[in-house]
Amino acid sequence: DISERVLARLPGLARTTGKAFIVTANGHGAWQMAVSNTLVPGDKVLALESGRFAIIWGENAEQAGAEVEVLPGSWHDPVDPNRLEARLRADTNQEIKAIFVSHTDTASSVRNDIVELRAAIDAAGHSAMLMVDCIASLACDPYEMDDWGVDVTIGASQKGMMCPPGVSFVWAGAKALVAFDRVKANGGPRVRYVDWERRLEPRGFYDTYAGTPPVSHLYALDVAFDMIEEEGGLEAVWQRHERLGRMVRSAVDAWQTADGLLLNIGSERHRSNAVTTVRTGRHDSQQVAAKVLELGEVTLGIGMAGEPNGSFRIGHMGHVNASMTLGVLGSIEAALHALEIRIGGSGLAAAATELARAQRDES
Ligand SMILES: *Cc1c(COP(=O)(O)O)cnc(C)c1O
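Since the model is a prediction, treat every value here as computed from it, not as a measurement.

(A) The pattern of salt bridges, seen in detail. On inspection of all chains with the given rule, the structure shows 30 salt bridges. For Asp 195, the salt bridge goes to Arg 190, with nearest N and O atoms at 2.9 Å. For Asp 195, a relative accessible area of 11% puts it in the buried group. For Glu 268, the salt bridge is made with Arg 271, and the minimal N-O distance between the two is 2.9 Å. Here Glu 268 falls in the partly exposed class, since its relative accessible area comes to 33%. On the basis of relative accessible area, Arg 271 is assigned to the buried category, the value being 12%. By sharing partners, the salt bridges in this structure join Arg 5, Arg 9, Asp 222, Asp 226 and Glu 229 into a single network.

(B) Quick look at the site of the ligand. Within the structure, the ligand sits among Asn 26, Gly 27, His 28, Trp 31, Phe 53, Thr 104, Thr 106, Asp 133, Ile 135, Ala 136, Gln 158 and Lys 159. In this structure, Asp 133 approaches the ligand through a side-chain N or O atom, which is 2.6 Å from a nitrogen atom. Separating an oxygen atom of the ligand from a side-chain N or O atom of Lys 159 is a distance of 2.6 Å. A total of 390 Å² of accessible area belongs to the ligand in isolation, and the protein chains cover 89% of it. If one sorts the elements of the shell around the ligand by residue count, helix α2 (residues 27–38) sits on top with three residues. A class-by-class count of the residues in the shell around the ligand yields four nonpolar, six polar and two charged.

(C) Geometry of the sheet that holds strand β5 (residues 129–133). Pairing within the open sheet is mixed, and its seven strands lie in the order β1-β7-β6-β5-β4-β2-β3. Edge positions in the open sheet fall to β1 (19–23) and β3 (67–71), since each of these has one partner strand only. Shown here is a sheet whose adjacent strand axes are inclined to one another by a mean of 20°, direction ignored. As paired strands, β1 and strand β7 (residues 168–172) are joined by five bridges and run antiparallel to one another. Paired with Val 23 across the two strands is Ser 168, which belongs to β7.

(D) Summary view of the packing of aromatic side chains. This structure, assessed with the given rule, holds seven aromatic pairs. Summarising the aromatic geometry, the rings of Phe 21 and Trp 196 are spaced 4.8 Å apart at their centres and angled 5° between planes, so their arrangement reads as stacked. Here Trp 196 lies in helix α7 (residues 196–200) and Phe 21 lies in strand β1, a separation of 175 residues in the sequence. Residues Phe 21 and Trp 196 agree in their burial class; the two are buried. Between Trp 57 and Phe 100 the ring centres are 4.0 Å apart and the planes differ by 15°, which places this aromatic pair in the stacked class. Of the two residues, Trp 57 sits in helix α3 (residues 53–63) while Phe 100 sits in strand β4 (residues 96–102), which places them 43 residues apart along the sequence. Put simply, the rings of Phe 21, Phe 180 and Trp 196 pair up and form one aromatic cluster. A cation over an aromatic ring shows up here: Lys 19 above the ring of Phe 21, its NZ or CZ 5.9 Å from the ring centre. The lysine or arginine in question, Lys 159, covers the ring of Phe 53, its NZ or CZ lying 5.9 Å from the ring centre.

(E) Quick look at the sheet that holds strand β9 (residues 275–279). The antiparallel open sheet is built from four strands, whose spatial order is β8-β9-β11-β10. If you trace the sheet from one side to the other, it starts and ends with β8 (262–263) and β10 (301–302), each paired once. Taken together, the two bridges between β8 and β9 define a ladder with antiparallel strand orientation. Pairing of Leu 263 across the sheet is with Val 278, part of β9.

(F) Representation of the environment of Arg 249 in the model. Residue position: Arg 249 is located in helix α10 (residues 234–255). Between the alpha carbons of Arg 249 and Thr 276 there is a distance of 7.6 Å; along the sequence they are 27 residues apart. When neighbours within four sequence positions are excluded, Arg 249 is seen to be in contact with Leu 263, Glu 268, Arg 271, Ser 272, Asn 273 and Thr 276. Of note is the side chain of Arg 249, whose polar atom sits 3.1 Å from the side chain of Glu 268.

(G) Broad picture of unusual backbone geometry. Its identity as a non-glycine residue notwithstanding, Met 162 has a phi of 65°, on the positive side. Here Met 162 lies in the loop between β6 (152–156) and β7. Take Met 162: its relative accessible area is 26%, and that puts it in the partly exposed class.

Cut-offs used in this document
- Residues numbered from 1 in each chain as written.
- Predicted model: local features only at pLDDT ≥ 70, side-chain atom pairs only at ≥ 80, totals over all residues.
- Heavy atoms only, no water.
- Salt bridge = Lys/Arg side-chain N within 4 Å of Asp/Glu carboxyl O.
- Buried < 20%, exposed > 50% of the residue type's maximum accessible area, 1.4 Å probe, protein only.
- Near = heavy atom within 4 Å.
- Polar contact = N/O pair within 3.5 Å; in protein donor to acceptor, adjacent residues only side chain to side chain.
- Areas by Shrake-Rupley, 256 points an atom, 1.4 Å probe, with all protein chains shown as cover.
- Helix = DSSP H or I, 4+ residues; strand = E, 2+ residues; numbered from the N terminus.
- Nonpolar A, V, L, I, M, F, W, Y, C, P; charged D, E, K, R; others polar.
- Pairing = 2+ DSSP bridges.
- Axes fitted to C-alpha atoms, helices over the stretch in contact; angles between N-to-C directions.
- Phe/Tyr/Trp six-rings, centres within 6.5 Å; stacked < 30°, edge-to-face > 60°.
- Lys NZ or Arg CZ within 6 Å of the ring centre and 35° of its normal.
- Contact = heavy atoms within 4.5 Å.

By themselves these figures say nothing about function.
In structure tokens:
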């Protein structure tokens with residue numbers, strides 16, 4: 001019963017009427033499922049850089065035999081739709097079969113505009129599948145798979161869905177299922193563990209899960225869906241994340257000085273509401289993180305953008321509320337004082353002000 005309930009609720013999470021698959025593996029397993037069922041060796045893939053994750057997904061495809069090209073981008077900006085359109089226009093034989101992009105890239109904390117990227121693909125008249133990694137953004141930032149014209153969506157249990165790691169998701173639209181027919185017709189080797197054939201018409205749980213179901217994760221996911229419903233549905237959950245994201249960003253803005261702390265992503269509308277990457281200027285981010293751990297007993301995400309000592313990340317995804325967020329921001333502010341790092345003003349005060357303002361505006 002629980003399995004059927006979770007499977008019935010999954011399409012709504014990505015806002016699709018397409019097919020949802022559960023993979024008994026972390027997010028890498030979902031990447032693998034998407035690649036194995038939609039691409040054949042020799043296919044060309046375009047991975048859009050705006051941080052780290054679309055590129056690692058591309059490496060997975062490369063090991064499966066795809067020919068992967070990275071569309072270079074910046075770690076401080078979203079993917080540029082004009083560059084994507086130009087690259088696709090140059091692909092006159094339509095050799096590119098799939099485009100990989102992260103919705104939110106967890107390293108840079110950018111939130112790409114999927115609607116604009118879809119429009120760029122359409123403007124180029126290109127037939128490549130649009131595949132979006134939403135592991136960090138699902139149940140944090142608004143996402144509409146069908147309305148936005150996405151062909152494959154990737155998710156996982158451990159971020160916005162508040163569960164332990166170990167289970168991930170693939171949502172497949174009509175075009176992806178057609179691509180699977182091409183994979184079957186190709187006659188090459190397939191990976192049974194992630195293969196769609198039995199999963200599409202299961203005669204029992206052994207087909208749905210390629211073996212024993214991840215029972216404990218299914219219990220957890222069922223509760224996660226209940227919690228989302230109790231909060232008022234996905235819209236309410238998105239709104240809480242926006243409030244928390246704004247609090248964090250207003251704190252960093254308040255701390256900012258010419259050679260000190262700075263938000264990694266320049267444009268507000270491309271900043272994630274799940275995670276915030278903070279550049280630390282001439283200061284050592286590892287030293288800041290160590291002091292935050294010592295004073296506040298909270299662990300900051302290590303920097304993944306550029307130099308390892310040049311940034312840290314604040315996670316505000318999933319089971320997080322305003323008090324937790326204020327606690328983290330207060331701990332960071334205390335660490336900045338303890339290390340005698342000059343700040344523009346109180347980030348904690350700015351975050352509290354932002355919380356009050358958001359609550360007033362929402363009501
Ligand atoms: C966390 C994350 C992944 C990797 O997930 P794993 O469960 O560690 O394999 C992939 N993409 C994004 C955007 C992520 O945030």
